[in-house]
Structures are given as C-alpha cells and as structure tokens.
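# Observations on the model geometry
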Amino acid sequence: MAQDPEEMGLADLARRGDHGAFARLCARHRERVWRIVSSAAASPADAEDLAQEAVLRAYQALAGFGGRCAFGSWLCRIALNVAHDHLRSAWRRRVVLCDEEPDPAGGGSTSAEALAEQRERQRRVRQSVAALPPKQALPIALHYFEGYSLAELARLEGTKEATLRSRVRAGLRRLEPSLRDLVGEDAAPPLAVEPEPEGCEV
C-alpha cells in the first residue's frame, strides 16, 4: 500500500528534530496505539501510561526509522512491544476484569448470583490468558477481547498470519485444562477454537 506523502514528509521532519511534526504524527495514530496497549492494561490510567511509553520509545528510536513502512505501522509495532513487556510483568501479578458487565438494574432479570458467576468466569478466562507465554497471550487478548482480526495482528507483528493463527491455536489448547469446567454440555467454550491450517509454525 502506498504511503501517505504528507506523513512521509512529517516523518522526515521529525527525524531532523522537529518535535511538532513528531507530535502530529503521534496524534494521528493515538487511537490505534490506545487500542493496542489497552488490551494489556488493567485500567485507563495504566493504558495512558503504556501509550506514553510507546510514544517515548518511538521518539528514542526515531533516528532508526528508515521509512520502509508507514509511520503508523512502525508506531503500532512499538506499541505492541510495550504491551508484550507489560504482559510479562503486570498481567502476571494481577487479575484483569472485563469492563463490560451486565447491568443488574437494567431489566431486573440478572440476579446477584448470576452476576457474580459471570464476573468470576470473566476473571478466570482473562487470568488464564495472562498466564500464557506472551507470544500466545497478547494475540489471544487482542483478537478475542478487543476485536482485532488475525490479519491485522499479523501485520502489526510483522509475521505471517498462518504463524500467528498457529500461536493462537496453541494458546487455546493450553487454556483448555484450566477452563474445562466452565464449559457445560450446552454451553459455548469461553474462547472458540478456530480450525488450524496445516504446516504452521508456533
């Protein structure tokens, strides 16, 4: 895909020390960076810290940006690395709860017991995902919790979609023993397993 000439010009100015050009570039891609780091954050405050860390790393590495890819893709890969690093530390020491919960006052049909059970299910699924190796945990979190397609993640990771899909598949297999009791005969599994293409690396 052709690069945006205006963005290329801003990137060139930024490499020469134009702080305003760098700020404009980061502002363009703030939402994408936020979405990536939010998947590894326990709160909006944590996500803001991670987004700032991604921007700081990008600024420190700016001299090495050669323009071989779009600035947005380069920045998002840095954000992905920040999220990877956070998963190795914070996610292994805390429980990440799902932000979206049923409103018990909404229709009056959700009992306190049912709400507590759903919260526990969400906690266990996310905690189990967080305990996976980072190469499996982050794509699973971004794909199932944030709605990224595997094709999008493969572009951000700079790897083949088949390889990423295989990593996700391997991670889901590792989740099965710890989450098996959550799946009843008539219930869908916490995370659906997709068919695995042949000949993929993990």
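The residue numbers shown here count from 1 along each chain, following its written sequence. For this predicted model, a pLDDT threshold of at least 70 governs which residues receive local features, and a threshold of 80 or more governs which side-chain atom pairs are given and counted, while totals over whole chains, interfaces and linings are taken from all residues. Side-chain metrics rest on all non-hydrogen atoms present in the structure, leaving aside hydrogens and water.

### Re the pattern of salt bridges
Filter applied, for reference: Salt bridges, as used here, are contacts in which a Lys or Arg side-chain nitrogen is within 4 Å of a carboxyl oxygen on Asp or Glu. For the purposes of this entry, the term helix denotes a DSSP run of H or I that reaches at least four residues, the term strand denotes a run of E that reaches at least two, and both are numbered from the N terminus.
As enumerated under the stated definition, the model contains nine salt bridges in all. Put simply, arginine 28 and glutamate 7 hold a salt bridge, and the shortest N to O gap is 3.4 Å. One end of the pair, arginine 28, is in helix H2 (residues 19-28); the other, glutamate 7, is in helix H1 (residues 5-15), and 21 residues separate them in sequence. For the salt bridge of arginine 16 with aspartate 12, the shortest nitrogen-to-oxygen distance reads 2.3 Å. Through salt bridges that share partners, Glu6, Glu7, Arg24 and Arg28 make up one connected network.

### What about the packing of helix H7 (residues 134-146) against helix H9 (residues 161-179)?
Condition: For every element, the axis is a line fit to its C-alpha atoms; helices are fit only across the contacting stretch, and the angle between N-to-C directions ranges from 0 to 180 degrees. Should an angle fall under 35 degrees it is taken as roughly parallel, and over 145 as roughly antiparallel, whereas 65 to 115 is taken as roughly perpendicular and any remaining angle as oblique. Note on definitions: a residue-residue contact is assigned when non-hydrogen atoms from the two residues lie within 4.5 Å. Residues were grouped as follows: Ala, Val, Leu, Ile, Met, Phe, Trp, Tyr, Cys and Pro as nonpolar; Asp, Glu, Lys and Arg as charged; and all remaining residues, including Gly, as polar.
For the pair H7 and H9, interaxial distance at closest approach is 9 Å and the crossing angle is 95°. Relative to H9, the element H7 is oriented roughly perpendicular. Across the interface between the two elements, Lys135, Gln136, Pro139, Ile140 and Tyr144 from H7 touch Leu164, Arg167, Val168, Ala170, Gly171, Leu172 and Arg174 from H9. Here the residues of the contact of H7 with H9 sort into seven nonpolar, two polar and three charged.

### Looking at the nonpolar core
The test is simple: Buried residues of nine kinds, namely Ala, Val, Leu, Ile, Met, Phe, Trp, Tyr and Cys, make up a nonpolar core once their side-chain atoms join them within 4.5 Å. Under the scheme applied here, a residue whose accessible area is under 20% of the maximum for its type counts as buried, over 50% as exposed, and between as partly exposed, the area being computed with a 1.4 Å probe on protein chains only.
Counting residues in hydrophobic clusters, the biggest one holds 47 residues, and the most contacted among them are Phe22, Ile36, Phe71, Trp74 and Val129. With nine residues, the top contributor of residues to this core is helix H5 (residues 71-89).

### Some points on the environment of arginine 77
As for its position among the elements, arginine 77 is in helix H5. Judged by relative accessible area, which is 41%, arginine 77 ranks as partly exposed. It is 5.4 Å that separates the C-alpha atoms of arginine 77 and leucine 156, two residues lying 79 residues apart in sequence. Leave out the neighbours within four places in its chain, and arginine 77 touches Leu156, Glu157 and Gly158.

### A closer look at the packing of H1 against H2
Selection rule: Note: crossing handedness is left-handed where the near helix turns anticlockwise from the far helix by less than a right angle, and right-handed where it turns clockwise.
Where H1 contacts H2, the axes come no closer than 8 Å and their chain directions differ by 135°. Here H1 is positioned oblique relative to H2, judged by the angle of their axes. H2 is crossed by H1, and the crossing has left-handed handedness. Facing H1, whose interface residues are Glu6, Glu7, Leu10, Ala11, Leu13 and Ala14, H2 presents Ala21, Phe22, Arg24, Leu25 and Arg28. Of the residues belonging to the contact of H1 with H2, the class tally is seven nonpolar, no polar and four charged.

As far as function goes, none of this settles anything; it's purely spatial.
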